[in-house]
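Geometric and topological summary
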Amino acid sequence: MAGSKQPAAPSPSWADVRARRLARHSLDVPAPAARTADVVAAMGGAHAQVMSAAELSIGLRTAGTTRADVRRALWEDRTLVKTFGPRGTVHLLPAAELPLWTGALAAVPAAGGGLPQAARLDAAQTDAVVEAVADALRADEPPTVDELSDAVIERLGPWAADPVVPGFSGMWPRWRQALHTAGHRGALCFGPDRGRKVTYTSPDRWLPGFTPMDPDKALAEVVRRYLRSYGPATAQHFAQWLSAPRRWAAGLFASLGDELRPVEGVSGDDTVWYEAADEEPYEGAAEPGRVRLLPYFDAYAVGSHPRELVYPGVAAERALSRGQAGTVQVLAVDGVVAGVWHQKRSGRKVALTVEAFGKLSRAQLAQVEEQAARVGEILEAVPVLTMGPVDTGRHL
């Protein structure tokens, strides 16, 4: 129990843990639409590599919200911002929390691996790229990535153009490996799409004059938030969620001392923690048999552990990719993955195929229909539901 002076808390039941997480994620009872930014904050951001998935993640947690509402919050009201979040992947975050997330994410060390040594940027080159990106984004018109690339290379010279970064088709220039770093340091966020092309702009347009929070304070707050929404959890669970080195995460947890409280009956490197100041660590049992259709990389599915309990039995084979969650859309019953689903849009219709790994009750089948209707409402499409095998739909 090193790192905490708090007495160990009684070990909760798995049902209590699931009920807590569902409540914290507004997956038991959707929150009012006016609380969209609060819901996104509780999720630790909505994964938005696939924008429709972010719209579904938010819509399923807020009453009556559609994709148009999410886009309005992002591009018109600017209460949300699209940027590089946890794990260096694209997320929607509350715009008011840019100081928190840039302060924390810029301080997370790389987990290792990646490009060969000869292709990597050194620290000075990374700093130069971030400065060049920030300078280029002071222009009035948000550039596309190709336009931004030209501007960065013009400022830095030929070394930034070396084609050493593997892309979706061909090789990208050397500077591109620091694109997410520029986002983490607060130099860049996404602008409105220009046709089918994404654009980038300065975060100052969302939160004028913002300054990243002190790194130590920001990291401590991110740990607290993770434990509120995904706890009780280990430092290793947090490291996987953030894509950070495990030893560094363990040290971060230890540095919080008695702000964290261990769970009784677990010790050593796998100590399970929750926030000591959490006044209601377990809200009690949720309504049993609650069904949810969670989209690609939904925050609950990605951040929840232990994997063997969240993805039991056949779910681990069908809904995880080498331990990675989120590559498959899942049917969850009481917070446990109990099936998979797939969607295909055609015009005004969206065809949904749902495969349960076991038998669903009549009440649960009715909830699947309700969830399918809600998916259609969020995506502003007419849903057509089929119960049957799903043999496609993995997102790589």
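Everything in this summary refers to the structure shown in the same document. (Residues numbered from 1 in each chain as written. Predicted model: local features only at pLDDT ≥ 70, side-chain atom pairs only at ≥ 80, totals over all residues. Heavy atoms only, no water.)

Thoughts on the overall build of the protein
- Across its full length, the protein carries 15 helices and 16 strands.
- With respect to the three principal axes, the spread of C-alpha positions in the protein is 65 × 60 × 40 Å.
- Looking at the protein as a whole, 53% of its 396 residues qualify as buried.
- The long-range share in the protein, meaning contacts at least 24 apart out of those at least 6 apart in sequence, stands at 67%.
- When the accessible area of the protein is evaluated, it comes to approximately 17800 Å², of which 52% is carbon and sulfur surface. (Helix = DSSP H or I, 4+ residues; strand = E, 2+ residues; numbered from the N terminus. Buried < 20%, exposed > 50% of the residue type's maximum accessible area, 1.4 Å probe, protein only. Contact = heavy atoms within 4.5 Å. Areas by Shrake-Rupley, 256 points an atom, 1.4 Å probe, with all protein chains shown as cover.)

A word on the environment of R261
- Note that R261 resides in strand β8 (residues 260-262).
- When its relative accessible area of 22% is taken as the criterion, R261 is described as partly exposed.

Some points on the sheet that holds strand β2 (residues 80-84)
- With antiparallel pairing, the three strands of this open sheet are ordered in space as β1-β3-β2. Only two strands of the sheet have a single partner each, and these edge strands are β1 (46-47) and β2.
- Packed onto the sheet, helix α2 (residues 36-43) meets β1, β2 and β3 (90-94) and runs at close to 125° relative to β3. (Pairing = 2+ DSSP bridges. Axes fitted to C-alpha atoms, helices over the stretch in contact; angles between N-to-C directions.)

Digging into the nonpolar core
- Formed by 70 residues in total, the largest nonpolar core has its most connected members in L92, L148, L188, Y200 and F238.
- Among the elements that make up this core, the one with the highest residue count is helix α9 (residues 215-230) (eight residues).
- Setting aside residues no more than four positions away along its own chain, F238 makes contact with V222, V223, Y226, W248, A249, L252 and F253. (Core = buried A, V, L, I, M, F, W, Y, C linked by side-chain atoms within 4.5 Å.)

Considerations on the sheet that holds strand β13 (residues 329-333)
- On the basis of which strands lie adjacent, the open sheet formed by five strands has the order β10-β13-β14-β15-β16 and mixed pairing. In this open sheet, the two strands that pair with only one neighbour each are β10 (291-294) and β16 (382-387). On average, each strand axis in the sheet is tilted by 25° relative to the strand beside it, whichever way the strands run.
- Alignment of β10 against β13, held across four bridges, turns out to be antiparallel. Residue pairing in the sheet places L293 in a bridge with L331 of β13.

Digging into unusual backbone geometry
- Going from G231 to P232, the amide bond is cis rather than trans, its omega being -5°.
- You will see that F297, though not glycine, has its phi angle at about 55°, which is positive.
- Mapped onto the elements, F297 comes out in the loop between β10 and α12 (299-303).

Thoughts on the packing of aromatic side chains
- Counting across every chain of the model gives ten aromatic pairs.
- Centre to centre, the rings of W75 and W206 are 6.0 Å apart; their planes meet at 80°, and the pair counts as edge-to-face. Highlighted residues: W75 in helix α4 (residues 67-75) and W206 in the loop between β7 (197-201) and α9, separated in sequence by 131 residues.
- Look at W75 and you get partly exposed, because its relative accessible area is 23%.
- The class of W206 is buried, set by a relative accessible area of 6%.
- Ring centres 5.4 Å apart and planes at 45° place the aromatic pair F84 and F190 in the tilted group. Here F84 is found in strand β2, whereas its partner F190 is found in strand β6 (residues 189-194), with 106 residues between them in sequence.
- By the ring-pair criterion, three or more aromatic residues cluster together here, those being W101, Y226, Y230, F238, W241 and F253. (Phe/Tyr/Trp six-rings, centres within 6.5 Å; stacked < 30°, edge-to-face > 60°.)

Any functional reading would require information that these geometric values do not contain.
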